[in-house]
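An overview of the molecular structure
Below, each chain spelled out in residue letters.
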Amino acid sequence: ISELLGSWGLLLIVFMLLTGLTSLLDSQITSITTLVTHDVIPQINNKIGESKLIDIGRVIVVFLILLSWAIVNIPGANILYFGLLMGCVCITFFVPSIVALFKPEWLKPKSIVLSILLALFIGFPIYAYASLNKMVDLSLIGFFSCLFISSGISLIGSRLEK
């Protein structure tokens, strides 16, 4: 780019990439905050007012930014590591989302929230630790525990909740 357009072109491309990444990060933080404040918290306590949810959302945004900063500064972590972590998070939401789209009567909201939270708090740390330390067998256990915990508890819990 710098050979074709000069240093100003390279500066422009870097600026465009940084603004695109900032926009992506902003969208993800907003999505997570909205998911927690409008879907998760009302399942736990539906008596919380809108102004309190806004305050909780602000705390979540600050927490996510600090968490992101801490994760980026993990020694030995690289872009592949973060891609794999996002894959683990995506697989946690996969089966409950597909079932909710095609057979919503099979699932209850409380079971979905519980299953995803358990998968993220049990399987995800195992996967993250094992992946960072290149422990392949343990990382597979963490990855599949995210899948099976979120799938199993959401389906079985919904049946029991009926």
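Residues numbered from 1 in each chain as written. Predicted model: local features only at pLDDT ≥ 70, side-chain atom pairs only at ≥ 80, totals over all residues. Heavy atoms only, no water.

1. Quick notes on a nonpolar patch on the surface
A cluster of nonpolar side chains, Ile1, Leu4, Leu5, Trp8, Leu10, Leu12, Val14, Phe15, Met16, Leu18, Leu21 and Leu24, forms an exposed patch at the surface whose accessible area comes to about 1,300 Å². Mapped by element, the contributors of at least two residues to the nonpolar patch are helix H1 (2-5) and helix H2 (7-44). Here the nonpolar patch takes 9 residues from H2, the largest share from any one element. Position of Met16 among the secondary structure elements: in helix H2. (Patch = residues over 30% accessible without salt bridge, like charges linked within 9 Å, V, L, I, M, F, W, Y side chains within 5 Å. Areas by Shrake-Rupley, 256 points an atom, 1.4 Å probe, with all protein chains shown as cover. Salt bridge = Lys/Arg side-chain N within 4 Å of Asp/Glu carboxyl O. Helix = DSSP H or I, 4+ residues; strand = E, 2+ residues; numbered from the N terminus.)

2. Points about the packing of aromatic side chains
The final tally for this structure, using the stated rule, is 3 aromatic pairs. Put simply, the rings of Tyr127, Phe143, Phe144 and Phe148 pair up and form one aromatic cluster. (Phe/Tyr/Trp six-rings, centres within 6.5 Å; stacked < 30°, edge-to-face > 60°.)

3. Examining the side chain of Ser154
On the secondary structure map, Ser154 appears in helix H6 (residues 136-161). Note on Ser154: relative accessible area 1%, which makes it buried. From its side chain, Ser154 meets the backbone oxygen of Ser150 in a polar contact 2.7 Å long. Among the polar contacts made by the side chain of Ser154, one reaches the main-chain carbonyl oxygen of Ser151 at a distance of 3.0 Å. Beyond its immediate sequence surroundings of up to four residues, Ser154 is in contact with Pro96, Leu107, Ser111, Ile112, Ser115 and Ile149. (Buried < 20%, exposed > 50% of the residue type's maximum accessible area, 1.4 Å probe, protein only. Polar contact = N/O pair within 3.5 Å; in protein donor to acceptor, adjacent residues only side chain to side chain. Contact = heavy atoms within 4.5 Å.)

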